[in-house]
Each structure stands twice: as C-alpha cells, then as structure tokens.
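Take a look at the letters that make up each chain.
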Number of protein chains: 2
Amino acid sequence: VVLLDQTALPVEERFLRLTTVAEVVDAIGRLAVRGAPALGVAGAYGVALAAHAHGEIPDAATLEAAVQALRTARPTAVNLARGVDRAAARLADGAAAVLAEARALAEEEATASVAMGRRGASLILSLVGASRASAVRLLTHCNTGALATVEGGTALAVAFTLHEQGRLGGMLVAETRPLLQGARLTAWELARRGVPYRLIVDGAGPYLLARGEADAVIVGADRVCANGDVVNKVGTYAHALGAARVGVPFVVVAPETTVDLSTPDGAAVEIEDRGADEVVRFGRVPVAAAGAAAANPAFDVTPADLVTALVTERRVVRYDKGERP
Amino acid sequence: VVLLDQTALPVEERFLRLTTVAEVVDAIGRLAVRGAPALGVAGAYGVALAAHAHGEIPDAATLEAAVQALRTARPTAVNLARGVDRAAARLADGAAAVLAEARALAEEEATASVAMGRRGASLILSLVGASRASAVRLLTHCNTGALATVEGGTALAVAFTLHEQGRLGGMLVAETRPLLQGARLTAWELARRGVPYRLIVDGAGPYLLARGEADAVIVGADRVCANGDVVNKVGTYAHALGAARVGVPFVVVAPETTVDLSTPDGAAVEIEDRGADEVVRFGRVPVAAAGAAAANPAFDVTPADLVTALVTERRVVRYDKGERP
C-alpha cells in the first residue's frame, strides 16, 4: 500500500510504502492517512495486506487480530470499520478476492466523488439564488478533497466542480486546529487547482458568515446518523451555528458509506479524544507550559436542525424540507 | 515605561523598557502589551513619555503627533484612545500632571478589577444555581487576567475570586488563534495561581458546552456598544452561539472604560484585520504554503441577544432581563 504521508504536507510530498498491517494501523492512528472515505479504503487495503502476509497463508487467529486492529484504529468515522468488514468478508475466498474488494471500494469512492461534486454544485447554485450563482463564495472546514478520499473529494469536489463551471467566487478555508488540515491540506489542494481562497482561523468562521462573506458552508462528515446528526471534525458545529444564525445554507457532502442508519444520533457516537499533545504543541513548537492539561475531542456533533441538506452520490436529502437520511 | 513582553510568554519572562513614544506604539502594534484596560494605561503612559521627552519641553506639533500615533496604534479597543485622551487633557499642566493622570488610570483599573471579580463571582454563583455553585466550571477565551489589565483582570478576576472562595471546579481555556493568548497567557496565569484548567482548541468550545462541560462562559471585551453588542477577540461569538444554543449563561466582564455609549452597535466598530502572516504561520513555523492569502479579523461582534449579563466595577447589567448598558 503506497500512501502520500499527509503529516508531511504541505512542506514535503513524501510517500509511505506500507507492507504490514501494523504499519497501516500506525499510519491511520497518526493521521498519515485520514478522511472518512480514505480511511475506509485504507482499512480494506490493510485487510488485503493481512491476507497476503509474507506470501504465506495466515492462520485464522492472526487474520482476526489484524481485522480487529484495523477496524478499531480510529473509532469515529464509520467508513473505517465498514471498509475493513467489507474486505474481510472475502477472506474465505483468498487474498486475491480481498484485494479485488479493496480495489472495488476505492473505485466506487472515486466514482462517488464525481457524482457528489455534480449534485452538490447543482444544489448549491439553487440554494444561493441567482444573484450569487455566478460567483459563489463557500466556507469550508478541515480537508475533504482528494487527500480525504481517493480522488476528487466530498465537499471539496463540490467546490472543484463549481470552479470548473466558472461559478466559484472563492473559498474561505478554516485552518482546523489542532492538526491544521485546512491550512496544510485544503489550501494545498486549492492552490494546486488554481482555486482562489483565503485561510481563516476557526474562530473567525461565524463572524465572517455574519459579515456576509460566504454564501454557503460545505463540509464533509465522518458519520451521518439515522436522525440526521452529523459527526465531523471538531469546529464544524460552530460554523453550523454561525450559518443558521444568519440563514446561510449549511450543506454536508458525504458518500453513502458514511451514512450509518444503525447509529440513532450523534450522542451514540464515540468521539475520539486524541490527548493533550496536539493542543499544547503546534507541530513541534510548544504553545503552552509543558504538562498543561487539555481536552481534545477530534470531532463534534452538528444537530440535524442546523443542517440544510446532505448530498451523497445517490441523493440529496433536504433536511430543510423535513427529510432525513 | 516597563512592560512584561507578552509575545515572549510563556517561554520567557522578558521585560521591555520603553523610553520613546515610537517604542510604545510599536509595543502596542505587535501586542507586547494587549488587553483593553492595559492598552488604555499603556497609552496614557505613552503620553507621559511624550511630555517628558529628553527633559526638554516638546513643541505642540510634536505632542499632537505623539498623541495621534498612540491613540491610533490599534483601532478596536476603545480604552486605548480613551486612556490617551485622558492623559493628553493634562498636557497643558505639564509633564508631572500627565504622569499623575496615567498613574491614576492605572490605579483605577486595578481597583476596578477587584470589584469586577467580586460582582462577577456573585453573579455567576446565582446564575449557575445551587447544584453547580460548589464547583463552577467556566469556559473562557483569550486572556483577561493581570496581563490584560493592570492587576487581577476582568473575566479572569471572576475566576480568581471564585477560586479563592473555593467554588471553582475548573476552567476550559480556548487557545485563541491566531496569537494563542489563551494557551500562552491565560494558561500561564492560571498555572501560577494553581487554578485547574484544560486547554482546548477554539473550535471545540461550542461542542464542549453542548456536552455540558461548562456551567458558564466568561469573557472580557474590547468595546461594549450602546445597544449592548460586545466586540471582543475573534472566536468569542462562536462560544456565545454555543452557549445560547444550550442555555449556558454567557457573561461579559469589562470596566466602565470599555463601555462606549457613543458607539451605537457592533457594526459601527472598526474591526482590525491584522494581515495574513499571523494565520499562515505559527510563530516562526509556516503552516500553509508561502504566499497563501488569509482573512484575519482580530475581533468579532457578539450581538447583545446572546449575552446574559455585563459586569463592570460599578454594576451588573442583566441583558437577559432586558437591560442594556
């Protein structure tokens, strides 16, 4: 499995060559690969690695341990466990079948991205109205581009599609503390594609929405619950509150693999706390006294009533019209 | 004028000895001194320096230029212009009178801090109710302690008072990007006083409020407008939205010198944009590609309807009961 190491961006484009399940689990845990759809694909390829291990046929206990380690490498995004389970369901058919399943998932996510981009762009244009549709300004959080998926993206696929249509006025990109996926990854992807953007601190999102500097908010999701609650990168909920306050559409873009009808609501989701280190340091730079305590929820829950619509590769769910996933 | 250089905290306790108006203007501009009350005092001492310059009697044009440079060193906090104007009003009486006026302002701000701490603590205890009053948990943003004032603080004076009364359960401290006044300064002040705290990224505030992890939000202000709107460090508004959503009291603590009845509302306040550098770098560490654009409003506006109460050294203004400043 060859991955672009996202922890090194934007300073360095470094590729990781992962040959063991332990290396995949480690890459997932330290966010070298991240983003709900990409996690599902990485998990599936991890199972393929387990099945291929050392050219030998692994025993059932080893495989079971590998599958468990992969599916629990991170708890919040439903895609990881789903991707692992889907690949693992083919273990009885041999390593080649598992690899084929992982490749099929990757292919499906790439195809889904194109559909999400088109559906989302069309929805955004209708939501913002004719006066803004020639130069839509979007606010986004975290990274939902090719780096979070396989190619294209989820929410960012919508921005790319609007850009290709000549209808994107510009992006406000929230930096996304603590790990700065917005500043490091989204800004990097937008710059490579020539999309105009301005970086902002996360706390500025609601105020810039109140000042009228974005026509819609678009974000991805790590899990969409049965009642419509959206679990996504911490900071998402604040933008949703800011958008609702001033009537700006708040649109969630995620593949069907992220929609989990077996999770009733956001309160039922385990929210990963990634510990103090990410908060008290900034990369390698300490920002608070050593030993400072921190709360570091990596995700938050945006209640369904703050969401205008969910866009998947198959459908548009208009929360604002009473629909739910 | 001797100042603790706040840009060097918490790594280093470095004092600045400022001997010219230009040095004071520079220290204000780069935030070596910051916080609305402290800015007012620094501005007043700046005028005293101008009046004393080189032991000679400066001409009127020089003094006028110095006063203008000081009062416009930063635009948003009303205290700066007020402190400068108050000291400048004594210029006709000679350098000693100006210095006395600056000292009087500093003394008044220190006294105000004690009163704000007491009034605020009493208000918080009544707002959170008996079940929480034995161990109140507060969320705060930016730095409103001794570093922002002369001694004690504004919002942080309330926390210190509750701590002295044995009634503080702990603090959630939002790091306050881009310049991390929460992580660098508030955490440092709380640790020195033995107040338990957990640092959080700004985007986590609304979610932790939704999870019930704070009983009230307390913040300072850079300007309180006639209609009650509160201009404060960017990110404040997001916490206010999060508090209002779940019915957690949102309390603003500021001296009367920050209340400006001549400013009708938040829309009338010039919000300083401090440029891209603070956002695209972290200290000296680049977080986004060089040349990345950014929007960097240093403050935001919290509309009056999201505020529960304003505490000054003289009064408690219960916004939640329809009162306004």
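The model shown is predicted, which means the values in this text are computed figures rather than measured ones.

Lay out the interface of chain A and chain B with the relevant residues and their values.
In this assembly, 45 residues from chain A lie in contact with 45 residues from chain B. Note on chain A versus chain B: buried area summed over both sides is about 3,700 Å², and carbon and sulfur give 69% of it. Among the residues of chain A in contact with chain B, A:Leu199, A:Tyr207 and A:Arg245 are the three that bury the most area, contributing 17% of the side total. Taken together, the connections running from chain A to chain B amount to four salt bridges. Summed over the shared surface of chain A and chain B, the number is ten residue pairs in polar contact (both at pLDDT 80 or more). Among the elements of the structure, helix H7 (181-193), strand S5 (197-200), helix H8 (205-210), helix H9 (236-246), helix H10 (277-280) and strand S13 (299-302) of chain A are those that each provide at least two residues to the side of chain A that touches chain B. Among the elements that make up the side of chain A that touches chain B, the one with the highest residue count is H9(A) (five residues). Broken down by class, the residue content of the side of chain A that touches chain B amounts to 34 nonpolar, three polar and eight charged.

Can you explain the nonpolar core? Please cite residues and give values.
A:Ile124, A:Leu138, A:Met171, B:Ile124, B:Leu138 and B:Met171 are the most contacted members of the largest nonpolar core, which totals 156 residues. If sequence neighbours within four positions are ignored, B:Met171 has contacts with B:Leu138, B:Thr140, B:Leu156, B:Ala159, B:Leu190, B:Val195, B:Pro196, B:Tyr197 and B:Arg198.

Tell me about the relation of the copies chain A and chain B, and please be specific about residues and values.
Mapping between the two copies of the chain is achieved by a rotation about an axis and a shift along the axis. Of the two same-sequence chains, chain A is brought onto chain B (RMSD 0.0 Å, axial shift 0.0 Å) by a rotation of 180°. Classification of the inter-copy transformation places it as that of a two-fold axis. When the interface residues of chain A are mapped onto chain B, 100% of them again fall at the interface, so both copies present the same face.

Describe the sheet that holds S13(A), and please don't skip the residues or the numbers.
Residues and elements named next belong to chain A. Here we have four strands laid out as an open sheet, ordered S10-S7-S8-S13, and mixed in their pairing. Two strands lie at the open edges of the sheet, namely strand S10 (259-260) and S13, each paired on one side alone. Two strands pair when backbone bridges link them, and strand S7 (residues 223-225) and S10 are joined in this way by two bridges, in the parallel orientation. Across the sheet, residue Cys225 finds its bridge partner in S10, namely Asp260.

Can you tell me about the sheet that holds strand S8 (residues 230-233) of chain B, naming the residues and giving the values?
All names here are of chain B. Spatial strand order, S10-S7-S8-S13: four strands in an open sheet with mixed pairing. For this open sheet the edge positions go to strand S10 (259-260) and strand S13 (299-302), each flanked by a neighbour on one side alone. Of the strand pairs in this sheet, S8 and S13 are connected by four bridges, and their pairing is antiparallel. Its bridge partner lying in S13, Val231 is registered against Val301.

Any details on the environment of A:Val195? Residues and values, ideally.
Residue and element names in this part refer to chain A. Relative to the helices and strands, Val195 resides in the loop between H7 and S5. A C-alpha to C-alpha distance of 28 Å links Val195 and Arg223, two positions 28 residues apart in sequence. In this structure Val195 touches Phe160, His163, Leu168, Met171 and Leu190, once residues within four positions along its chain are discounted.

Would you mind going over the pattern of salt bridges in detail, with residue names and values included?
Residue and element names in this part refer to chain A. Counted by the stated rule, this structure contains 50 salt bridges over all chains. The closest approach of N and O atoms between Arg318 and Asp320, which form a salt bridge, is 2.9 Å. When its relative accessible area of 17% is taken as the criterion, Arg318 is described as buried. The class for Asp320 is partly exposed, based on a relative accessible area of 41%. Overlapping salt bridges bring together Asp5, Glu12, Arg14, Asp26 and Arg30 as one network.

Account for helix H7 (residues 181-193) of chain B, with residues named and values stated.
An α-helical segment advances 3.6 residues per turn. Residues three or four places apart therefore align on the same side. Residues and elements named next belong to chain B. The first and last C-alpha atoms of H7 sit 17 Å apart over 13 residues, in line with the 18 Å expected at 1.5 Å per residue. Maximum bend of H7: about 25°, positioned at Ala187. Counting buried residues in H7 gives ten out of 13 residues, a clear majority hidden from the surface. Every buried residue of H7 is listed here: Gln181, Gly182, Ala183, Arg184, Leu185, Thr186, Ala187, Trp188, Glu189 and Leu190. Backbone geometry just downstream of H7 places Gly194 in the positive-phi region, at approximately 75°.

Summarise the side chain of B:Glu278; cite the residues concerned and give the values.
Residue and element names in this part refer to chain B. Position of Glu278 relative to the elements: it lies in helix H10 (residues 277-280). Separated by 3.0 Å, the side chains of Glu278 and Asn296 make a polar contact. Apart from residues lying up to four places away in sequence, Glu278 is in contact with Arg177, Pro178, Leu179 and Asn296.

Describe unusual backbone geometry, and please don't skip the residues or the numbers.
Residues and elements named next belong to chain B. A cis geometry characterises the amide bond from Leu9 onward to Pro10, with omega recorded as 0°. Secondary-structure assignment places Pro10 in the loop between strand S1 (2-4) and strand S2 (15-17). Put simply, Arg177 and Pro178 share a cis peptide bond, and its omega is 5°. With respect to the helices and strands, the residue Pro178 is situated in the loop between strand S4 (168-174) and H7. Phi at Leu31 is positive, roughly 70°, even though this residue is not glycine. Judged by its relative accessible area of 5%, Leu31 is buried. Not every positive phi belongs to a glycine, and Cys142 is a case in point at roughly 60°. With respect to the helices and strands, the residue Cys142 is situated in the loop between strand S3 (136-141) and helix H6 (155-164). For Cys142, a relative accessible area of 6% puts it in the buried group.

What counts as what
Residues numbered from 1 in each chain as written. Chains lettered and ligands numbered in written order. Predicted model: local features only at pLDDT ≥ 70, side-chain atom pairs only at ≥ 80, totals over all residues. Heavy atoms only, no water. Contact = heavy atoms within 4.5 Å. Buried area = accessible area lost by both parts, 1.4 Å probe. Salt bridge = Lys/Arg side-chain N within 4 Å of Asp/Glu carboxyl O. Polar contact = N/O pair within 3.5 Å; in protein donor to acceptor, adjacent residues only side chain to side chain. Helix = DSSP H or I, 4+ residues; strand = E, 2+ residues; numbered from the N terminus. Nonpolar A, V, L, I, M, F, W, Y, C, P; charged D, E, K, R; others polar. Core = buried A, V, L, I, M, F, W, Y, C linked by side-chain atoms within 4.5 Å. Buried < 20%, exposed > 50% of the residue type's maximum accessible area, 1.4 Å probe, protein only. Least-squares fit on C-alpha atoms with pLDDT ≥ 70 in both. Pairing = 2+ DSSP bridges. Expected span 1.5 Å × (residues − 1). Bend = angle between axes of the 7 residues up to and from the residue.

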